[in-house]
Amino acid sequence: MAAGQKLSQRQIVGSIEGIGTSPRFDGYFAQVSGGEVTAAVEKVYDGGERFPETLCAPADIGDITVTRHYEVERDGTPLNALRPLIGQAYYNILIEHTDCDIKVAGTQRQYTEALCVGMTEPDGDAASGAPAAYSLTFSVGSIGEST
């Protein structure tokens with residue numbers, strides 16, 4: 001990627017890797033959201049002080065959600081296996097930046113040992129031809145090394 005080149009949202013893709021006996025999901029997810037890093041703060045005013053002293057807490061990482069269109073052959077078996085394991089299955093999450101040809105360009109974010117805490121099943125609508133999608137939500141405990 002050229003220096004200073006902006007990315008479109010379609011150039012950011014995510015994949016998940018099951019840890020232990022967690023069901024395996026192959027390929028990339030079309031949408032990735034979340035993962036914001038924040039730290040709570042407490043403002044402490046000493047008697048008579050005009051401005052507070054700021055005390056911070058450890059950083060917290062927001063939940064990450066990955067979404068993609070549902071394909072029966074690719075996704076049916078792993079979703080069925082994951083359903084009873086919500087709140088028990090752990091995954092490593094890899095979010096990668098791609099070039100304009102959607103080839104991985106080398107920049108990535110890693111989140112390790114993320115607990116799968118939610119699954120949104122594909123919705124159905126007899127009056128719609130739109131593709132069905134599903135999403136998985138993960139509670140992140142730690143950040144791996146990013147490049």
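For the structure itself, look to the data block above.
Here goes a summary of the coordinates provided. (Residues numbered from 1 in each chain as written. Predicted model: local features only at pLDDT ≥ 70, side-chain atom pairs only at ≥ 80, totals over all residues. Heavy atoms only, no water.)

1. Some details on the overall build of the chain
Okay, so step 1: Scanning the chain for helices and strands turns up one helix and nine strands.
Okay, so step 2: Going residue by residue from the N terminus, the α and β elements of the chain occur as β-β-β-β-β-α-β-β-β-β.
Okay, so step 3: Summarising its shape, the C-alpha atoms of the chain cover approximately 65 × 45 × 40 Å along the three principal directions.
Okay, so step 4: Evaluated residue by residue, the chain yields a buried proportion of 29% over its 147 residues.
Okay, so step 5: Of the contacts formed within the chain by residues at least 6 apart in sequence, a portion of 65% connects residues at least 24 apart.
Okay, so step 6: Surface summary for the chain: the accessible area is close to 9400 Å², and the carbon and sulfur share equals 50%.
Okay, so step 7: Charge separation in the chain, taken as the distance between the mean sites of 10 positive and 20 negative side-chain charges, equals 7 Å. (Helix = DSSP H or I, 4+ residues; strand = E, 2+ residues; numbered from the N terminus. Buried < 20%, exposed > 50% of the residue type's maximum accessible area, 1.4 Å probe, protein only. Contact = heavy atoms within 4.5 Å. Areas by Shrake-Rupley, 256 points an atom, 1.4 Å probe, with all protein chains shown as cover. Lys, Arg positive; Asp, Glu negative; His and termini not counted. Charge placed at Lys NZ, Arg CZ, Asp CG, Glu CD.)

2. With respect to the pattern of salt bridges
For side chains of opposite charge, pairing can occur when their charged atoms come near one another.
Okay, so step 1: Counted by the stated rule, this structure contains five salt bridges.
Okay, so step 2: Arg24 is the salt-bridge partner of Asp26, the closest N and O atoms lying 2.7 Å from each other.
Okay, so step 3: The class of Asp26 is partly exposed, set by a relative accessible area of 40%.
Okay, so step 4: We note a salt bridge from Glu71 to Arg74, for which the minimum N-O separation is 3.6 Å.
Okay, so step 5: Overall, Glu71 belongs to the partly exposed group, its relative accessible area being 43%.
Okay, so step 6: Salt bridges here are not isolated pairs; linked through shared partners, they connect Arg68, Glu71, Arg74 and Asp75. (Salt bridge = Lys/Arg side-chain N within 4 Å of Asp/Glu carboxyl O.)

3. Focus on the packing of aromatic side chains
Okay, so step 1: Per the stated rule, a full pass over the model turns up six aromatic pairs.
Okay, so step 2: Where Phe25 meets Phe29, the ring centres are 6.4 Å apart and the plane angle is 50°; that geometry is what we call tilted. Judged on exposure class, the residue Phe25 and its partner Phe29 are both buried.
Okay, so step 3: On the basis of an interplanar angle of 85° and a centroid distance of 6.2 Å, the ring pair of Tyr70 and Tyr134 is categorised as edge-to-face. Here Tyr70 is found in the loop between strand 5 (64–69) and helix 1 (72–82), whereas its partner Tyr134 is found in strand 8 (residues 133–139), with 64 residues between them in sequence.
Okay, so step 4: These aromatic residues form a ring-pair network of at least three members: Phe25, Phe29, Tyr70, Tyr91, Tyr134 and Phe138.
Okay, so step 5: We note Arg68 situated over the ring of Phe29; from NZ or CZ to the ring centre the distance is 4.1 Å. (Phe/Tyr/Trp six-rings, centres within 6.5 Å; stacked < 30°, edge-to-face > 60°. Lys NZ or Arg CZ within 6 Å of the ring centre and 35° of its normal.)

4. Some points on the side chain of Glu96
Okay, so step 1: By the element assignment, Glu96 lies in strand 6 (residues 90–98).
Okay, so step 2: The buried charged residue Glu96 lacks any salt bridge, with Arg109 as its nearest oppositely charged partner at 11 Å.
Okay, so step 3: Here the side chain of Glu96 touches Tyr28 through a polar contact of 3.0 Å, side chain to side chain. (Polar contact = N/O pair within 3.5 Å; in protein donor to acceptor, adjacent residues only side chain to side chain.)

5. So, unusual backbone geometry
Okay, so step 1: Despite not being glycine, Glu113 has its phi angle at roughly 50°, a positive value.
Okay, so step 2: Within the secondary structure, Glu113 is located in strand 7 (residues 104–120).

All quantities given are derived from atomic positions and should not be read as evidence of function.
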